[in-house]
Every structure is written in C-alpha cells, then in structure tokens.
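Per-entry structural report
Letter by letter, the chains look like this.
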Amino acid sequence: MRSRLRCTGLFTVVCLAVASLGATPEPELLGIWAWNAKWEVAHKELELGYAMATAPALIANFCPNGEFRMATGIFYRTDDSIELGSSDGIETYRGTWIRTQDEFVVRYRLASAELIDSETFDREQRTEIVVEPAFIGDVLAFAHRPRGVANPIAWVVALRSARDYEQHVRGRFVECADRTKAGGGLTKERSPEK
C-alpha cells in the first residue's frame, strides 16, 4: 500500500510562481526543519518546571547521507530551546530523501507511535508515504497525512529551518542514524502498546 501526496491546484500555481522568480537562491535542505501550530501558554506547573509554551508540531531532519527522520507531537518552548515532548502522542517516521533534477522526493514510513494498537501499527508501518516537498521562498512546503486521518488529503505545512527559530530547536527523536557511529546513539524505538 502506498500513499502519494503532491502539491496540487492553487498551491502548485503558487509554487511555480515563486520558483519562476529566481530572485533568491534555493535554501539548503540539509538539517532540521520544523513546523508548529500556534503557541499556547503552558500550565502553571509546566512554567515552573520546564516549558513556557506548547504547540502541536512536526520536526524533520534531512540527513547528509540521504536518510530522512521525522516526528510529530508537542513542542515545548523555553527561553532558550524548543523540543518535542516524549509522551504526548509522539510518532516517529523513517525513510530516505533524494534530489532529482527538478525536485526533492521523500519516502518514509511510520517507525513508532504512542497510543496505537498493534494491528493499526502494523498496517501503518507497511504504508509507504511519498511526498515531493517544494521551497516557497525560505520555507519548505511539506505534505503530511497525519496517522489515523481517514481523509487522504494531506496537510501541507510550511517547515522553517531550525536556524530561523529564535530558540535552539533540539533534534530529539529525529537524529541521523550515522550519529551512532560517532558515539551519539539513538534511543531504542518504543514498540506499540498492545
């Protein structure tokens, strides 16, 4: 089973219009890119201990060796950093990315998920998702179909480079696998709950 998500309709027209301007060079794809919904002020107990604000988020890492890592969940923002929480329905994805002559192609699958039964996890893990992200100015338009959403229409999110955030965006859960060779180490993926 395979899902194929592409820029379509008016969005494609916008992509082509921006691409045809040619005024600015295309940003570098390598590294961490992120999107978050509107920040919400955290509960008092979180403010005292950890986070100032939270937001639903997607974080992706385009690794130099062609690996692709992505996670969705909740961002926690403090004065100096932003990172995904570890127990807020986090989902991780693994795959590959390549650059063809005209576009980027990303292929990925669900790697781990909280709050999911084994049967659903097995089905979702077998589903390859293929997307063709495109630069619009300095943001990366990325189509993602959230797990469990019946409608096959993807959400298109505007990923920003982690370098463009005021706070340091930590790459927790989206580390490139080659980090293990350098002694960094990946955490073991959590298996689905039965």
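Residues numbered from 1 in each chain as written. Predicted model: local features only at pLDDT ≥ 70, side-chain atom pairs only at ≥ 80, totals over all residues. Heavy atoms only, no water.

1. Topic: the overall build of the protein chain
Tallying secondary structure elements over the protein chain gives 3 helices and 13 strands in all. Looking at the protein chain residue by residue over its 194 residues, the buried ones come to 43%. Considering only contacts in the protein chain between residues 6 or more positions apart, those separated by 24 or more positions represent 57%. (Helix = DSSP H or I, 4+ residues; strand = E, 2+ residues; numbered from the N terminus. Buried < 20%, exposed > 50% of the residue type's maximum accessible area, 1.4 Å probe, protein only. Contact = heavy atoms within 4.5 Å.)

2. Re unusual backbone geometry
Of note in the backbone geometry, F173 takes a positive phi value of approximately 80 degrees without being a glycine. With respect to the element layout, F173 can be found in the segment after β13 (168–169). Judged by its relative accessible area of 21%, F173 is partly exposed.

3. Overview of the state of the cysteines
For the coordinates displayed, the defined rule picks out 1 disulfide. A sulfur-sulfur distance of 2.1 Å marks the disulfide that ties C63 to C176. One disulfide, between C63 and C176, carries an S-S torsion of -100 degrees and so falls in the left-handed class. Of this pair, C63 sits in the loop between β4 (53–62) and β5 (67–77) while C176 sits in the segment after β13, and the two are 113 residues apart along the sequence. By the burial criterion, C63 is buried, and C176 matches it. (Disulfide = S-S within 2.5 Å.)

4. Brief notes about the pairing of β5
The buried count for β5 comes to 9 of 11 residues, which makes it a mostly enclosed element. Alignment of β4 against β5, held across 10 bridges, turns out to be antiparallel. Among the inter-strand pairings, P56 is bridged to a residue of β5, identified as I74. Counted between consecutive antiparallel strands, the loop separating β4 from β5 contains 4 residues, among which G66 sits at a positive phi close to 90 degrees. For β5 and strand β7 (residues 91–99), the ladder comprises 6 bridges, and the chain directions are antiparallel. (Pairing = 2+ DSSP bridges.)

5. What to know about the side chain of T127
Mapped onto the fold, T127 is located in the loop between α3 (118–126) and β9 (128–131). Reaching out from T127, the side chain makes a polar contact with the backbone oxygen of R123 at a distance of 3.1 Å. (Polar contact = N/O pair within 3.5 Å; in protein donor to acceptor, adjacent residues only side chain to side chain.)

6. Quick look at the pattern of salt bridges
Counted under the stated rule, the structure contains 4 salt bridges. Among the salt bridges present, the one from R172 reaches E83, with a minimum N-O distance of 3.4 Å. Pair noted here: R172 is in the segment after β13 and E83 is in strand β6 (residues 81–84), with a separation of 89 residues, a long-range link. For R107, the salt bridge is made with E128, and the minimal N-O distance between the two is 3.3 Å. Pair noted here: R107 is in strand β8 (residues 104–113) and E128 is in strand β9, with a separation of 21 residues, a long-range link. The exposure class assigned to R107 is partly exposed, which follows from its relative accessible area of 31%. (Salt bridge = Lys/Arg side-chain N within 4 Å of Asp/Glu carboxyl O.)

7. A closer look at the environment of E67
Position of E67 relative to the elements: it lies in strand β5. Within the local environment of E67, its side chain forms a polar contact with the side chain of N65, the two groups lying 2.7 Å apart.

8. Quick notes on the pairing of β9
Alternating residues of β9 divide into E128 and V130 and I129 and V131, and every residue in both groups is buried. Strand direction decides the pairing type here: β8 and β9, joined by 3 bridges, are antiparallel. Bridge pairing in β9 links Y108 to I129.

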